[in-house]
Amino acid sequence: MSDGIMPDLSGLPKRRWKNLGVRFGSAVALLLVCLAPFYFGGWIWAALVALFGSRMLFEWVRMSHPAPRLTAYIAPILGLIAAVIYVVQMQYGLAVIAVGLTIFSVVGLQAIRPSPRKGPRIGWAALGAAYIVIPCLLIIAMRGNAVGFSTDGFQRLLFIVVCVVAADVGAYFGGSLIGGPKLAPLISPNKTWSGFVSGQIFAVILGALVGWSVGIGWMNGAILALPVAILSVLGDLFESAIKRKLGVKDTGTLMPGHGGLLDRLDSLMAAVLGAAIMLALFPNIWA
């Protein structure tokens, strides 16, 4: 067959697994940074979450405001730090007040010094403060102050992280191998229904295994894993929709292959929020 008829397929495998090595390296680096603080919990874990949260707030402000002033960065970060201190001390009422004051302050600053872009930016400022600060506080509260692998806080948060990672990894490989119809082409063109289903199946399997290993049973693990995995996908789509609305490709370049830290942790934040609500409503799932 002549060269004019035979298509060149040499580039397909490379495109299919584009950035796989870089993505894997970034994920391993993030894991190594988090491992020791995650084990010890308490103030060490809270300090790391506050650092990550501050970076995500920085990325949000830079993404949603074309010409941010220094106060636009400082106000939400100081509010996050104050709320984190209260959560570690288990003064949750004061933490809620700190979150409310943070949202009020960033809205006030935005109203006083509005963005030169057309349209109101107050809503984006308030959304960013709540969207990032609240999940960060839940991650700290859920982990708790007890040290060790066998503590409830470690196991619960580990379960959520495993489900989120499984949904992401399963979607990546399933979507790359199978392809097919797009899940949300107007929001995230690379996501497919085959990837979504593959990710959910993988998350349920690993959720059942983790549930069995920590003593809540494989059935409860599978039941809890499915909504956590679904919420992780919705969190990713939500952030993608915001970026598309704001005309931004990535929130930053901190993590090669992923973009910014907010690009990497958006799924986890949504999953933690949903899991906290489910565990509060149905505590017997995790007896």
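See above for the structure.
Conventions we followed
- Residues numbered from 1 in each chain as written.
- Predicted model: local features only at pLDDT ≥ 70, side-chain atom pairs only at ≥ 80, totals over all residues.
- Heavy atoms only, no water.
- Helix = DSSP H or I, 4+ residues; strand = E, 2+ residues; numbered from the N terminus.
- Buried < 20%, exposed > 50% of the residue type's maximum accessible area, 1.4 Å probe, protein only.
- Contact = heavy atoms within 4.5 Å.
- Salt bridge = Lys/Arg side-chain N within 4 Å of Asp/Glu carboxyl O.
- Patch = residues over 30% accessible without salt bridge, like charges linked within 9 Å, V, L, I, M, F, W, Y side chains within 5 Å.
- Areas by Shrake-Rupley, 256 points an atom, 1.4 Å probe, with all protein chains shown as cover.
- Axes fitted to C-alpha atoms, helices over the stretch in contact; angles between N-to-C directions.
- Parallel < 35°, antiparallel > 145°, perpendicular 65-115°, else oblique.
- Left-handed = near helix turned anticlockwise from the far one by under 90°.
- Phe/Tyr/Trp six-rings, centres within 6.5 Å; stacked < 30°, edge-to-face > 60°.
- 1 Å grid on protein atoms, 1.4 Å probe; cavity = no way out; pocket = protein on both sides within 12 Å on 5 of 7 lines; lining within 4 Å.
- Points joined across faces, edges and corners; volume = space filled by probe spheres on them.
- Nonpolar A, V, L, I, M, F, W, Y, C, P; charged D, E, K, R; others polar.

What is the right way to read the overall build of the protein from this model?
Counting its regular elements, the protein contains 10 helices and 2 strands. Helices (α) and strands (β) of the protein occur, in sequence order from the N terminus, as α-α-α-α-α-α-α-β-β-α-α-α. Here the protein holds 287 residues, and the buried ones make up 44% of them. A sequence separation of at least 24 residues applies to 69% of the contacts in the protein between residues at least 6 apart.

I tried to follow the environment of leucine 183 on my own but got confused; where do I start?
With respect to the helices and strands, the residue leucine 183 is situated in strand 1 (residues 182-184). Accessibility expressed as a relative area gives 17% for leucine 183, which makes it buried. Along the sequence, leucine 183 and serine 194 sit 11 residues apart, while their C-alpha atoms lie 8.4 Å from each other.

Sorry if this is basic, but what is going on with the side chain of aspartate 236 here?
Mapped onto the elements, aspartate 236 comes out in helix 9 (residues 218-246). In this view, aspartate 236 contacts Lys191, Asp266 and Ser267; residues no more than four positions away in its chain are not counted.

Any chance you could explain the pattern of salt bridges here in plain terms?
Oppositely charged side chains can pair when the atoms bearing their charge come close. Tallied over the full model, the rule gives 4 salt bridges. Residue arginine 264 pairs with aspartate 168 through a salt bridge whose shortest N-O separation is 3.1 Å. In this pair, arginine 264 is assigned in helix 10 (residues 261-281) and aspartate 168 in helix 7 (residues 152-178), connecting sequence segments 96 residues apart. Judged by relative accessible area, which is 27%, aspartate 168 ranks as partly exposed. Of the charged contacts in the structure, one is a salt bridge between lysine 191 and aspartate 236, with a shortest N-O distance of 2.7 Å. You can see lysine 191 sitting in strand 2 (residues 188-192) and its partner aspartate 236 sitting in helix 9, a full 45 residues away along the chain.

Which parts of the structure should I look at to understand a nonpolar patch on the surface?
A cluster of nonpolar side chains, Trp43, Leu70, Ile74, Leu78, Ile81 and Ile85, forms an exposed patch at the surface whose accessible area comes to about 580 Å². Among the elements that make up the nonpolar patch, the one with the highest residue count is helix 4 (residues 70-88) (5 residues). Of note, leucine 70 is situated in helix 4.

Looking at this structure, I do not really get the packing of helix 7 against helix 9. What am I missing?
Each pair of packed helices gets described by two things: the angle between the helix axes and the distance between those axes. Two numbers describe how helix 7 lies on helix 9: the axes approach to 9 Å, and their chain directions differ by 60°. Considered as vectors, helix 7 and helix 9 are oriented oblique to each other. Seen from above, helix 7 lies across helix 9 with right-handed handedness. Residue-level contacts link Phe159, Ile160, Cys163, Val164 and Ala167 of helix 7 to Gly221, Leu224, Ala225, Val228, Ala229 and Ser232 of helix 9.

Can you walk me through the packing of aromatic side chains in this structure?
All told, the structure shown has 11 aromatic pairs when counted by the stated rule. An angle of 80° between the planes, with centres 5.6 Å apart, marks the rings of phenylalanine 159 and tryptophan 286 as edge-to-face. Here the residue phenylalanine 159 occupies a position in helix 7, and tryptophan 286 occupies one in the segment after helix 10, the gap between them amounting to 127 residues. The two residues phenylalanine 159 and tryptophan 286 agree in class, both being buried. In this structure an aromatic cluster arises from ring pairing among Phe38, Tyr39, Phe40, Trp45, Phe149 and Phe154.

How do you make sense of the layout of surface pockets when you look at a structure like this?
If you roll a probe as big as a water molecule over the atoms, it shows you where there is empty space left. Here the second largest pocket is characterised by a volume of approximately 1000 Å³. Forming the walls of the second largest pocket are 34 residues, and the residues nearest its centre are Ala27, Leu30, Leu31, Val161 and Val165. Within the residue set of the lining of the second largest pocket, elements represented by two or more residues are helix 2 (20-40), helix 3 (42-64), helix 6 (122-143), helix 7 and helix 10. Broken down by element, the lining of the second largest pocket gets its largest block of residues, 11 residues, from helix 7. Residue classes in the lining of the second largest pocket are distributed as 29 nonpolar, 2 polar and 3 charged.

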